[in-house]
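If you want the building blocks of each chain, they are given just below.
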Amino acid sequence: MKVPVSWLREYVAVEIPLRELAARLAISSCEVDRVVRRGVQDTEGNLGLFRVGLVVAADKHPNADRLQLCRVDVGEDEPRQIVCGAWNFGAGDTVAVALPGAVLPGGMRLESTELRGELSEGMILSERELELGTDHSGILVLPAEWPAGAPLDDLLPLGQDVLEIETGFNRPDLQSIYGIAREVAALTGAELAPLPEIDPPRAAEEAVDVRVEDFEGCPRYLGRTFRNVTIGPSPPWMKARLAAAGMRSISNVVDVTNYAMLALGSPLHAFDQRKLTEGRIVVRRARSGEAIKTLDGTLRPLQPNDLVIADAARPVAIAGIMGSLESEVDESTTDVLLEAANFEPVGIQRTAERLALRTESSNRWEKGVDPYLAEPAATLATQLLVEPAGAAWAGEIDAHEALPERPVVHLRPERTDALLGYWVAPPDQRRILERLGFEVSDDWTVTVPSWRARDVTREADLVEEVGRFVLDDVPVTLPFRREMFGRLTREQRLQRTVEDVFVGCGFSEAYNSSLVASDEDERALRLPEPLSAEHAVLRTTLMHGLLESAQRNVDAGNEGIALYEIARVYLPSDGQLPDERRRVGGIVEGGFFRAKGAIKTLYEALKVEPHFERTQGRFVHPGKAAALEAGWVGELRPDLLEGAWGAFELDLATVFSAVPERLLYEDVLTYPGVRQDLAFVVDEHVAAGELVLAAREAAGPELREMRVFDVYRGEQAGAGRKSIAFRVLFQSAERTLSDEDAAKLRERISEALARQFGAKLRE
């Protein structure tokens, strides 16, 4: 939310420096992201170079068909000659002028210059050039009564500071300028201006036909009729405030509803009353088969639980969210029905989510708007419609049942001290609460203001209100700890080992979204209302995010990229919810053996013997991939990422299940071992790992090592066969093995491999 400080000062006098104010708000009330300066910079003498100008003469430039040569009175002895490219003004109009030396909001400094042979001593400005709005189609024409030569900053907010604020979901009262002003007044002790309460005179006493059929969904509906409305642009000051608050100006009537919403926090809506069948408003639930074309031009089907604003024939608005195109206020509008209502939050949220239609209005309603705020908002909008839009207020209706009672909570001052761990004198507690709008009786019965009725319902909530206003006074101390409990679980300890191993292997940890654009598994869970097409499906693998992260690093020119991620994947299941599995995935430059080396290092650290088998997969290069019980490791397909890249993905629960609960000490073998090289010719499909497992089973514990050091395919091996050479170590814990012992072991291995795989020992 953007809060123009000049607008804030309309409700509360801000005397302290803005940086200090921002810091105090951030501690006690809401996050203040930053304070920015918008518009003309307030450097020395700069604002004085922006003035009101009266166009004395405006003729076509003698050397350019598309330029005007103007003489403009800016309060000096002689009018200035200015060349301008816009044609929406002429002699007699009042305009905004920047003199030579002025620095525009974009940082450009103006100088006297010659344009097509004529001297231009300044610039006639549009509202966008002053950052007062977005219109750049023509010059900003000012009210005729503004005197020539007057400082423009005295009449328009040329430069203003803006607080960029992030408020919490539980503080709907801060979704307005007045709500922030209320906090500032409580923080600083400054006086808070009252809410608008004086309506302009009513021109007539017309009946307004409003019927509320669902008071549960709409506790209050206040409707006002206005006649003789003239649709046109808003005054410059209103455009400037809306622009500074981040909202686009549309027309005077629509801008009034947005202005009142930003000012007070209660959304309003304006209907063209002549477009309403029988001029009637009915608040009801949608009927089966009804649809509405909203202001964005989209035809939206409605469901029976959707609350709508209808006329005598059809829905004309989705309550609290968006109006219909058929009832829109446009240039032909002369009669306006103003809606100032209150809607139940949960229903608005459900409808907005189902339709994927989030608006400034729905964002406020779903958080909960004070039902007593409708009348002040209607009063402010009426004041603005009667004056700038020249409307005649002709009728009013306030349809409501009993409005909610304000909560009453009992506070014990000593309980405040116990919960805060800091002593706050009872008079100070009372003063803080009263400054925030709470009513505190002598027996500490506290009546909560209507704008805080949803989030202050318990004694602890009142304690929090006191606590957030004394945080600056609380000394910085370490908490007193009497006892310490808790320890890491086995899974947590093992996960930290996994993290340490990959960091030690040169990997950096990555964090990627659980949502992806698509997944090859057709059963993958797709969100019913995704935020975007890129975040529509719950991932079933970590590879999507790791591939994107690696590509970003490549595009940035990084080298030696190695990334790992530990996160959940969401696998299809027979139930309504997916099967969540925690996995570790990685991607690394260097190909298959770099990735396999990291996996072997991990298993070695966990004291687990890995068993690799040849496999295929959607991410890996054929023939360069291995499967483990917990997952896979391989070289990425070249079409996924240019160059040689290794990747892996393991299920952590499966890996951890193989980790021994305890390690038994084995004495160092002191007897010498016998090393030999053995080569076996086997069929092409037989994996080296299968041979190793069979050899260990045949030879027993005296086969200490068996590692592949060569694979040969050729004439000597035969067609469809290969020769795998192993380096083996025979060693006993009890005696020195002789050559005969080694030969017997070799014979047992050869027989087992021949029997199981048809392997032939090469001489």
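Bear in mind the structure is a predicted one, so any value in this text is a computation, not a measurement.

### Focus on unusual backbone geometry
And step 1. The residue R116 is not glycine, and still its phi comes out positive at about 55°.
And step 2. Here R116 shows up in the loop between β7 (113-115) and β8 (118-120).
And step 3. Since its relative accessible area comes to 55%, R116 is described here as exposed.
And step 4. At N228, a residue that is not glycine, the phi angle is positive and equals roughly 55°.

### A word on the pattern of salt bridges
And step 1. Per the counting criterion, the structure on display carries 51 salt bridges.
And step 2. A salt bridge links E465 to R452; the nearest nitrogen and oxygen atoms lie 2.9 Å apart. With E465 in helix α11 (residues 459-468) and R452 in the loop between β25 (445-447) and α11, this residue pair connects regions lying 13 residues apart in the sequence.
And step 3. When its relative accessible area of 3% is taken as the criterion, E465 is described as buried.
And step 4. Using a relative accessible area of 2% as the deciding quantity, one classes R452 as buried.
And step 5. Through salt bridges that share partners, R171, D173, E183, R452, D455, E465 and R468 make up one connected network.

### A short note on the packing of aromatic side chains
And step 1. Evaluation of the coordinates by the stated rule reveals eleven aromatic pairs.
And step 2. Between F502 and Y564, the aromatic rings sit 5.6 Å apart at their centres with planes inclined by 25°, giving stacked as the arrangement. Of this pair, F502 sits in helix α12 (residues 490-504) while Y564 is found in strand β29 (residues 562-571), placing the two residues 62 residues apart along the sequence.
And step 3. Residue Y564 is classed as buried on the basis of its relative accessible area of 1%.
And step 4. Ring pairing ties together the aromatic residues F502, F507, Y564 and F648, which thus form one cluster.
And step 5. The aromatic ring of F612 is capped on one face by K596, whose charged end is 4.7 Å from the ring centroid.

### Regarding the side chain of S234
And step 1. Assignment of secondary structure puts S234 in the loop between β13 (220-227) and α4 (236-244).
And step 2. Engagement of the side chain of S234 in a polar contact is seen with the side chain of D255, the distance being 2.6 Å.
And step 3. The residues touching S234, leaving out its near neighbours within four places in the chain, are K239, S249, S251, N252 and D255.

### Section: helix α5 (residues 252-264)
And step 1. Compared with the 18 Å implied by 1.5 Å per residue over 13 residues, the 18 Å span of α5 between its first and last C-alpha is a close match.
And step 2. Among the 13 residues of α5, twelve are classified as buried, and the element is accordingly described as predominantly covered.
And step 3. Looking at α5, one finds that the buried residues are N252, V253, D255, V256, T257, N258, Y259, A260, M261, L262, A263 and L264.
And step 4. Once α5 finishes, G265 follows within two positions and takes phi at roughly 95°, a positive value.

### Concerning the nonpolar core
And step 1. With 75 residues, the main nonpolar core has L8, L21, L163 and I180 as its most contacted residues.
And step 2. Leaving out residues up to four positions away in the same chain, L163 has contacts with M1, K2, V3, V5, L8, L21, A22, L25, V32, R34 and V35.
And step 3. By size, the runner-up hydrophobic cluster in this structure holds 32 residues, among which are V210, L307, V308 and A341.

Rules and cut-offs
- Numbering of residues starts from 1 in each chain and follows the order in which that chain's sequence is written.
- Only residues with pLDDT of at least 70 get local features here, since the model is predicted, and only at 80 or more are side-chain atom pairs given and counted; chain-wide, interface and lining totals rely on the full set of residues.
- In computing side-chain values, all of the structure's heavy atoms are included and hydrogens and water are not.
- Numbering of helices and strands runs from the N terminus; a helix is a DSSP stretch of H or I covering at least four residues, while a strand is a stretch of E covering at least two.
- Only protein chains enter the accessibility calculation, which uses a 1.4 Å probe. A residue is then buried if its area is under 20% of the maximum for its type, exposed if over 50%, and partly exposed in between.
- We define a salt bridge as a side-chain nitrogen of Lys or Arg found within 4 Å of a carboxyl oxygen belonging to Asp or Glu.
- For Phe, Tyr and Trp, rings pair up if their centres lie within 6.5 Å, where Trp contributes its six-membered ring, and each pair is then called stacked (planes under 30 degrees apart), edge-to-face (over 60) or tilted (otherwise).
- The rule is short: NZ of Lys or CZ of Arg within 6 Å of the ring centre and within 35 degrees of the ring normal puts a charge over the ring.
- Two N or O atoms count as a polar contact when they lie within 3.5 Å, although within protein this holds only if one can serve as hydrogen donor and the other as acceptor, and sequence-adjacent residues are included solely when both atoms are side-chain atoms.
- Contact between two residues is taken to exist if any of their heavy atoms lie within 4.5 Å; hydrogens are not considered.
- Under the convention used throughout, the expected extent of a helix is 1.5 Å for every residue step, that is, one less than its residue count.
- Throughout this description, the term nonpolar core refers to a set of buried Ala, Val, Leu, Ile, Met, Phe, Trp, Tyr and Cys residues connected via side-chain atoms within 4.5 Å.

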